[in-house]
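# Observations on the three-dimensional arrangement
Next come the chains, spelled out residue by residue.
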Amino acid sequence: MTRRPDLTADVSEILLSEEQIQAKVLELGRRISDDFAGRELTLVSVLKGSLPFMADLMRAITIPVQIDLMEVSSYGGTATESSGLVRILKDLSSSIDGRHVLIVEDIIDTGLTLNYLVRYLRGKNPASLKICTLLDKPARRIVEIAIDYRGFQIPDQFVIGYGLDYGEAYRNLRFVGVLRPEVYTDPD
Ligand code: IMP
């Protein structure tokens, strides 16, 4: 029989349960549906971490929306530290000129990635540009970011699950958990 490694073994604490996440996503979906009623809304999600959040949030929104996906990578940092140098791996598929755009993010940590993205998308002439993030880790913020829709504020811990990874693993956990520090300080 093939041995299946236990993904949860590296989790020291469950920070947000599946139920807490789903309840928050429904609440955000309702607020967004009310605020953008009658307008042309495009959700722009940032791969890969935001994939589960985007999939759940778009279905919690009850007004017509278009979706688009971007993929960015920050480079020059480490697996747990952002560098602020951002490379676009996948750009928008459609024009956002004149549309109301909501960026759907998994987590805002230093704010460097989003700061870059906001400036990039503003240059594409949207009617408005707002930010929705599931998680906000304000302790390490370097750039001030005005968050329009925030799911949860979390402490300064490295978290995984519900899209968030460490070394591309753990994204498929249904909850958000704290990664045991030994995993990244002593990877062997
Ligand atoms: P920022 O540029 O520092 O705000 O970092 C944003 C990106 O870093 C996020 O989109 C995540 O991909 C990654 N990141 C930041 N904090 C965490 C974390 O605690 N767990 C997993 N990824 C994180």
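So, a few notes on the structure that sits alongside this text. (Residues numbered from 1 in each chain as written. Predicted model: local features only at pLDDT ≥ 70, side-chain atom pairs only at ≥ 80, totals over all residues. Heavy atoms only, no water.)

## Brief notes about the side chain of Ser-50
Applicable threshold: Segments assigned H or I by DSSP are reported as helices when at least four residues long, segments assigned E as strands when at least two residues long, and all are numbered from the N terminus. Burial classes follow relative accessibility: with a 1.4 Å probe on protein chains only, a residue under 20% of its type's maximum area counts as buried, one over 50% as exposed, and anything between as partly exposed. Think of a polar contact as two N or O atoms within 3.5 Å of one another; within protein, one of them needs to be a possible hydrogen donor and the other a possible acceptor, and neighboring residues in sequence only count if both atoms come from side chains. Any two residues whose heavy atoms approach within 4.5 Å are treated as being in contact.
Looking at the secondary structure, you find Ser-50 in the loop between β2 (41–47) and α2 (51–60). Judged by its relative accessible area of 0%, Ser-50 is buried. A polar side-chain atom of Ser-50 sits 3.0 Å from the main-chain carbonyl oxygen of Val-46. With sequence-adjacent residues up to four places away left out, Ser-50 is seen in contact with Ser-45, Val-104, Glu-105 and Asp-106.

## So, the packing of aromatic side chains
The cut-off we apply is this: Any pair of Phe, Tyr and Trp rings, taking the six-membered ring for Trp, is counted once the centres come within 6.5 Å. Such a pair is stacked with planes under 30 degrees apart, edge-to-face with planes over 60 apart, and tilted for the rest. Lysine NZ or arginine CZ positioned within 6 Å of the ring centre and within 35 degrees of the ring normal marks a charge as sitting over the ring.
One pass over the structure, following the stated rule, counts 4 aromatic pairs. Both rings, one in Phe-158 and one in Tyr-166, keep their centres 6.1 Å apart while their planes meet at 85°; by these two values the pair is edge-to-face. Like Phe-158, the residue Tyr-166 is buried in the burial classification. For the pair Tyr-166 and Tyr-184, a centre-to-centre distance of 6.1 Å together with 50° between the ring planes defines the contact as tilted. Pair noted here: Tyr-166 is in the loop between β8 (159–160) and β9 (176–179) and Tyr-184 is in helix α4 (residues 181–185), with a separation of 18 residues, a long-range link. Among the aromatic residues, those joined into a cluster by ring pairs are Phe-158, Tyr-166 and Tyr-184. One Lys or Arg, Lys-24, reaches over the ring of Phe-152 and ends 5.2 Å from the middle of that ring.

## Overview of the site of the ligand
Applicable threshold: Note on terminology: near, applied to a residue and a molecule or strand, indicates that one of the residue's heavy atoms is within 4 Å of it. Areas reported here follow the Shrake-Rupley algorithm with a probe of radius 1.4 Å; residue values treat only the protein chains shown as occluding. Put simply, Ala, Val, Leu, Ile, Met, Phe, Trp, Tyr, Cys and Pro go in the nonpolar bin, Asp, Glu, Lys and Arg in the charged bin, and everything else, Gly too, in the polar bin.
Residues in contact with the ligand amount to 16 residues; listed here are only the nearest, Asp-109, Thr-110, Gly-111, Thr-113 and Val-159. Contact distances for the ligand include 2.8 Å between an oxygen atom and a backbone N or O atom of Gly-111. Protein chains bury 85% of the 490 Å² of accessible surface belonging to the ligand in isolation. If you list the elements that add at least two residues to the shell around the ligand, you get β5 (100–108) and α3 (112–122). Per-element tally for the shell around the ligand: the top contributor is β5, with 4 residues. Taken together, the residues of the shell around the ligand break down into 6 nonpolar, 5 polar and 5 charged.

## Points about the nonpolar core
In plain terms, the rule: To qualify as a nonpolar core, a set must consist of buried Ala, Val, Leu, Ile, Met, Phe, Trp, Tyr and Cys residues joined through side-chain atoms within 4.5 Å.
Ile-32, Phe-53, Leu-57, Cys-132, Leu-135 and Val-159 are the most contacted members of the largest nonpolar core, which has 29 residues in total. Those elements giving two or more residues to this core turn out to be β1 (11–16), α1 (18–35), β2, α2, β5, β6 (128–136), β7 (149–153) and β9. Ignoring anything within four residues of it in the chain, the contact list for Cys-132 reads Leu-28, Ile-32, Phe-53, Leu-57, Leu-102, Ile-103, Val-104, Glu-105 and Tyr-149. Counting residues in each nonpolar core, the second largest holds 18 residues, with Val-46, Leu-117, Ile-131 and Ile-147 among its members.

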